[in-house]
Protein chains: 2
Amino acid sequence: RLFSAEKVIHKDWALPNPSWSKDLKLLFDQFMKKCEDGSWKRLPSYQHRSTQISEDFKTYFLDKPLNNENKVSQIVQLFTRGFEDGLGFEYVIFSNNDEKRTVCLFQGGPYLQGVPGFLHGGAMATMIDTALGSCATIPGGAIMTANLNINFKRPVPLCSVVVINSQLDKLEGRKLFLSCNVRSVDEKTLYSEAT
Amino acid sequence: RLFSAEKVIHKDWALPNPSWSKDLKLLFDQFMKKCEDGSWKRLPSYQHRSTQISEDFKTYFLDKPLNNENKVSQIVQLFTRGFEDGLGFEYVIFSNNDEKRTVCLFQGGPYLQGVPGFLHGGAMATMIDTALGSCATIPGGAIMTANLNINFKRPVPLCSVVVINSQLDKLEGRKLFLSCNVRSVDEKTLYSEAT
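Residues numbered from 1 in each chain as written. Chains lettered and ligands numbered in written order. Predicted model: local features only at pLDDT ≥ 70, side-chain atom pairs only at ≥ 80, totals over all residues. Heavy atoms only, no water.

**With respect to helix α1 (residues 22-34) of chain A**
Residue and element names in this part refer to chain A. The line we're drawing: A run of H or I in DSSP counts as a helix once it spans at least four residues, and a run of E counts as a strand once it spans at least two, with each numbered from the N terminus. A helix is expected to span 1.5 Å multiplied by its residue count minus one. Three labels apply to residues, based on accessible area from a 1.4 Å probe with only protein chains included: buried if under 20% of the type maximum, exposed if over 50%, partly exposed otherwise in between. Comment: arc refers to directions from the helix axis out to C-beta atoms. The contact criterion used throughout is that any non-hydrogen atoms of two residues lie within 4.5 Å.
Over its 13 residues, α1 runs 19 Å from end to end, which matches the ideal 18 Å to within 8%, given 1.5 Å per residue. Taken together, the buried positions of α1 are occupied by L24, L27, F28 and F31. Along α1, the residues classed as buried sweep out an arc of 105° about the axis, all on the same side. Residues of α1 that are exposed and point over 90 degrees away from its buried face: K22, L26 and K33. Against the buried residues of α1 lie β1 (41-43), β2 (89-96), β3 (101-108) and β5 (161-172).

Written out as structure tokens, the structure reads:
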């Protein structure tokens with residue numbers, strides 16, 4: 001049974017591990033300090049999603065029953081958490097619900113390469129989708145990306161740390177409008193913008 | 001040395017392996033038949049890009065030298081080819097240069113999960129970027145995605161096969177304009193459209 005509760009593994013991946021660079025650890029510590037007064041909170045991250053999210057999703061977005069539940073392998077993993085420490089997506093997201101924004105700290109490892117020396121555009125798109133998604137959950141309820149529009153300004157060097165600032169711009173019925181930018185740790189380099 | 005020629009591994013990943021479903025093998029065989037008269041060709045796919053591509057890229061797109069060449073691990077891998085057979089991105093791209101279009105056959109494995117039972121939007125974005133990129137290379141020269149705009153119509157069931165039809169719409173100086181759609185094998189379901 002793919003969606004059974006026993007498949008939920010409780011390791012929280014949004015915590016430092018030895019692969020984290022000095023930049024990533026420093027930023028993490030800064031945001032953990034901001035969490036102390038309750039204005040910000042760190043979002044935990046698990047390899048397998050809960051049954052409840054799955055059920056919500058099916059209720060909201062599917063007009064016919066899934067036909068692949070039995071075929072799908074037992075070894076499913078959340079795309080962004082399927083890599084060994086440091087090789088893939090190392091990230092943590094902090095959320096400020098009052099200000100309706102999130103900050104994602106992201107270090108892309110050597111298995112995410114596109115053009116040699118740089119992050120694959122798809123890996124950046126994946127992290128942008130994840131960051132915007134985290135911001136879209138602030139109002140509550142099941143969400144699914146309907147449109148993703150990314151401007152890639154500069155390629156991101158592999159193994160560097162970037163900061164993704166996302167915000168909820170507008171609510172129109174069930175539609176949410178969000179935007180984000182991807183910058184270097186010193187904020188001087190704008191890598192991407194997306195809505 | 002990250003970019004040295006000896007790192008280029010010659011295994012061609014765009015060929016059937018035991019994880020390929022009947023749908024994927026059938027479509028592969030159909031397109032291989034179309035290759036016989038030379039109108040279509042199968043694009044090979046390697047885990048490591050060649051030194052030449054790397055040098056082209058640096059010449060065209062970087063205004064300052066890379067500073068991470070020595071820091072980056074030896075174990076870099078092309079994002080879409082870093083998974084064991086069947087777990088990640090299984091795909092092959094066929095190109096029709098006269099018609100300036102490509103067809104990408106894609107089966108997304110269990111390590112690409114987003115919402116339970118479905119492909120992660122970022123994995124779909126990655127494959128769309130790859131498919132559009134393959135079409136952008138038809139005129140020749142180094143390319144980099146400047147903008148990627150995706151409309152997600154329906155979520156893609158995990159382990160199913162989709163067909164990505166890409167075409168080159170317009171050339172404006174160094175800018176290329178491309179579009180694609182993602183459909184089920186029977187063409188009845190439109191999963192995504194992108195430019």
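And the narrative resumes.
**Quick word on the state of the cysteines**
Residues and elements named next belong to chain A. For clarity, the threshold we go by: Any cysteine sulfur atom paired with another within 2.5 Å is treated as part of a disulfide.
Under the criterion given, the structure shown has zero disulfides over all chains. C35 carries a free sulfur, and the closest cysteine sulfur to it, the one in C104, is 14 Å from it. A relative accessible area of 18% places C35 in the buried class.

**With respect to the pairing of strand β6 (residues 175-184) of chain A**
All names here are of chain A. Heads up, the condition is: In short, DSSP must find at least two bridges between two strands for them to pair.
Two elements, β5 and β6, share ten bridges in a ladder whose sense is antiparallel. Note on β6: the bridge partner recorded for K170 is F177. Direction of pairing for β6 relative to strand β7 (residues 190-194): antiparallel, over a ladder of four bridges. In the strand pairing of β7, V182 is matched with S192.

**Quick word on the packing of helix α3 (residues 121-136) of chain A against helix α3 (residues 121-136) of chain B**
To keep it simple, the criterion reads: Lines are fitted to the C-alpha atoms to define the axes, a helix being fitted only along its stretch in contact, and any angle between axes, read from their N-to-C directions, falls within 0 to 180 degrees. Roughly parallel here means an angle under 35 degrees, roughly antiparallel means over 145, roughly perpendicular means 65 to 115, and every remaining angle is called oblique. Each crossing gets its handedness from the near helix: less than a right angle anticlockwise from the far helix is left-handed, clockwise is right-handed.
Close contact between α3 of chain A and α3 of chain B brings their axes to 8 Å; oriented N to C, the two are set at 150°. With respect to their mutual orientation, α3 of chain A and α3 of chain B come out roughly antiparallel. When you trace α3 of chain A past α3 of chain B, the crossing you get is right-handed. Of the residues in α3 of chain B, those touching α3 of chain A at G121, G122, A123, A125, T126 and D129 of chain A are G121, G122, A123, A125, T126 and D129 of chain B.

**Structural notes on the nonpolar core**
Applicable threshold: Buried Ala, Val, Leu, Ile, Met, Phe, Trp, Tyr and Cys residues form a nonpolar core when they are joined through side-chain atoms within 4.5 Å.
Counting 70 residues, the largest nonpolar core has F106 and M124 of chain A together with F106 and M124 of chain B as its most contacted members. Beyond its immediate chain neighbours, meaning those up to four positions away, M124 of chain A contacts F106, L119, F152, V156, I164, V182 and S192 of chain A.

**Notes on the packing of aromatic side chains**
Quick reminder of the rule: Under the pairing criterion, centres of Phe, Tyr and Trp rings, with the six-membered ring standing for Trp, must be within 6.5 Å; the plane angle then separates stacked pairs below 30 degrees from edge-to-face pairs above 60, leaving the rest tilted. Consider the ring centre and the ring normal. A charge sits over the ring if Lys NZ or Arg CZ is within 6 Å of that centre and within 35 degrees of that normal.
This model, assessed by the stated rule, comprises 18 aromatic pairs over all chains. Pairing F79 of chain A with F89 of chain A gives two aromatic rings, centres 5.8 Å apart and planes at 65°, and the pair type is edge-to-face. Taken together, the positions of F79 of chain A in the loop between α2 (51-61) and β2 and F89 of chain A in strand β2 put the pair ten residues apart, joining distant regions of the chain. F79 of chain A sits in the buried class, given a relative accessible area of 0%. Judged by relative accessible area, F89 of chain A falls into the buried class, the value being 3%. Every member of this aromatic cluster is reached through a ring pair, and the members are F79, F83, F89 and F106 of chain A together with F79, F83, F89 and F106 of chain B. The ring of Y91 of chain A has R81 of chain A sitting right over it, with the charged end atom 3.6 Å from the ring centre. Note that K170 of chain A overlies the ring of F177 of chain A, its terminal NZ or CZ placed 4.6 Å from the centroid.

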